[in-house]
Amino acid sequence: MLLQKSILNSLRKMAQSELVCVADFEPYLKQGLSAVEYGYYTDGADGEQTLRDNVKAFLRYRLRPRCLRDVSHRVTRTSILGHAIEFPVGVSPTSSHGVIHKDGEKATARAAASTGTVMILSMFANTSIEDVAASVPQETLLFMQLNILVDRKMTENIIKRVIASGRYRALVVTVDQPCTGKIQSRKKKTLPAHLSLPQLVSPGESSRSVLIKWNMFDPACTWADIKWLQGVTSLPIILKGILTAECAKMAASLGVAGILVSNHGGRQLDGVAATIDSLSEVVEAVKGSNIEVYLDGGVRKGTDVLKALAMGARAVFIGRPALWGLAYNGEAGVKNVLDILKDEFSLAMALTGCSSVAEITPGLVKASPLSNL
């Protein structure tokens, strides 16, 4: 065992010099996972058009640099809901980090903490709300992802635990999952025996039985349930999964704190627009309100971050790339991915003439005529 660890560490040191961009971490996800597990994290819905387009769509936008500006000192710092973060890239909610690495969500949270950014914990995490909070410094910015379940009591119990912890600063409510999309994976993922889903297990219930209950999502959920949530908690509510002006305006009318423009990583409805293509529509729809708009889906480079901010996003979030880093080397691997994005973002700022996030304005980006990319 010690020899195996030594060899693995040596390989990581050799590989580290070759890990120059986020995409370089992707192959590590396949190591140590079964084909079913690997497919669960990588596959999209149906023909995977949206999965592919999330990444490719960033190529449809071109940067317009401003020259001869003093960029000798650049500040990547910004804020989300009034909370300071060191750069505008957070970690999106993704399930079951424990399948990828023994430290699971605690490793991901520690990486977000050490880089000074925010992590959204998935309701389907293998680590409890309380244990994730206890694993990071008090000042770490944590949000909690939530699906509104058929069992409203279970939903409310999760919220009570979030509030009782005193560590989570917002609820990120998934609104594009009234039921589970048709994922390309041919076989259902099963959870290894040593892992659980602590947010969803009732007293005396096994995690195995929870995995069977994929009908726990409520297809009858409506905007009235967002009002219900606002009555249950005073935590700011961010709606994740909005892609259209119509839904954005409804969210604004209810006074939610934020919108995370997301298509669930291409895992729900195939054929919907890439998130970067949907961003401007949502931003325009909530103009004049206090709602902050964020984006996830397809972010792989620092220039992607800058493009999204120039088009009106307050920040972006990464899902799969954080998992690639986790597979590579746990907490250190996730930190590697975040550090690369921060460095690339700072460089993109310099090369477009921006010394602060506030200087990233709409004039820095335009749609490309190469719309067939």
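For the structure itself, consult the block above.
Treat the numbers as computed from the prediction; the structure is a model and nothing was measured.

### Some thoughts on the pattern of salt bridges
Alright, step 1. Considering all chains together, one arrives at 12 salt bridges under this definition.
Alright, step 2. Asp53 is paired through a salt bridge with Arg60; the nearest N and O atoms lie 3.0 Å apart. Arg60 shares its class with Asp53; the two are buried.
Alright, step 3. The closest approach of N and O atoms between Glu284 and Lys287, which form a salt bridge, is 3.0 Å.

### Details of the packing of aromatic side chains
Alright, step 1. Enumeration according to the criterion identifies 5 aromatic pairs in this entry.
Alright, step 2. For the pair Phe25 and Tyr328, a centre-to-centre distance of 5.4 Å together with 85° between the ring planes defines the contact as edge-to-face. Placement of the pair is Phe25 in the loop between α1 (2–16) and α2 (35–42) and Tyr328 in helix α12 (residues 320–351), with a sequence separation of 303 residues. Considered together, Phe25 and Tyr328 belong to a single accessibility category, that of buried residues.
Alright, step 3. Ring geometry for Tyr28 and Tyr328: centres 4.9 Å apart, planes at 70°, overall edge-to-face. With Tyr28 in the loop between α1 and α2 and Tyr328 in helix α12, the pair connects residues that are 300 residues apart, well separated along the chain.
Alright, step 4. Owing to a relative accessible area of 18%, Tyr28 belongs among the buried residues under this scheme.
Alright, step 5. Relative accessible area serves as the criterion here: at 2%, Tyr328 is assigned to the buried category.

### Here we look at the pairing of strand β7 (residues 168–174)
Alright, step 1. Among the 7 residues in β7, 6 count as buried, and that is most of the element.
Alright, step 2. Sheet topology note: the strand β6 (residues 141–146)/β7 ladder contains 4 bridges and is parallel. When the bridges of β7 are listed, Met144 appears paired with Leu171.
Alright, step 3. Read from β6 through helix α6 (residues 152–165) to β7, the crossover connection turns out right-handed.
Alright, step 4. The pairing of β7 with strand β8 (residues 237–242) spans 4 bridges and is parallel. Residue pairing for β8: Leu171 is matched across the bridge by Ile237.

Thresholds applied
Residues numbered from 1 in each chain as written. Predicted model: local features only at pLDDT ≥ 70, side-chain atom pairs only at ≥ 80, totals over all residues. Heavy atoms only, no water. Salt bridge = Lys/Arg side-chain N within 4 Å of Asp/Glu carboxyl O. Buried < 20%, exposed > 50% of the residue type's maximum accessible area, 1.4 Å probe, protein only. Phe/Tyr/Trp six-rings, centres within 6.5 Å; stacked < 30°, edge-to-face > 60°. Helix = DSSP H or I, 4+ residues; strand = E, 2+ residues; numbered from the N terminus. Pairing = 2+ DSSP bridges. Right-handed = clockwise from strand over helix to strand, strands pointing away.

The values reported here are purely geometric and, on their own, carry no functional implication.
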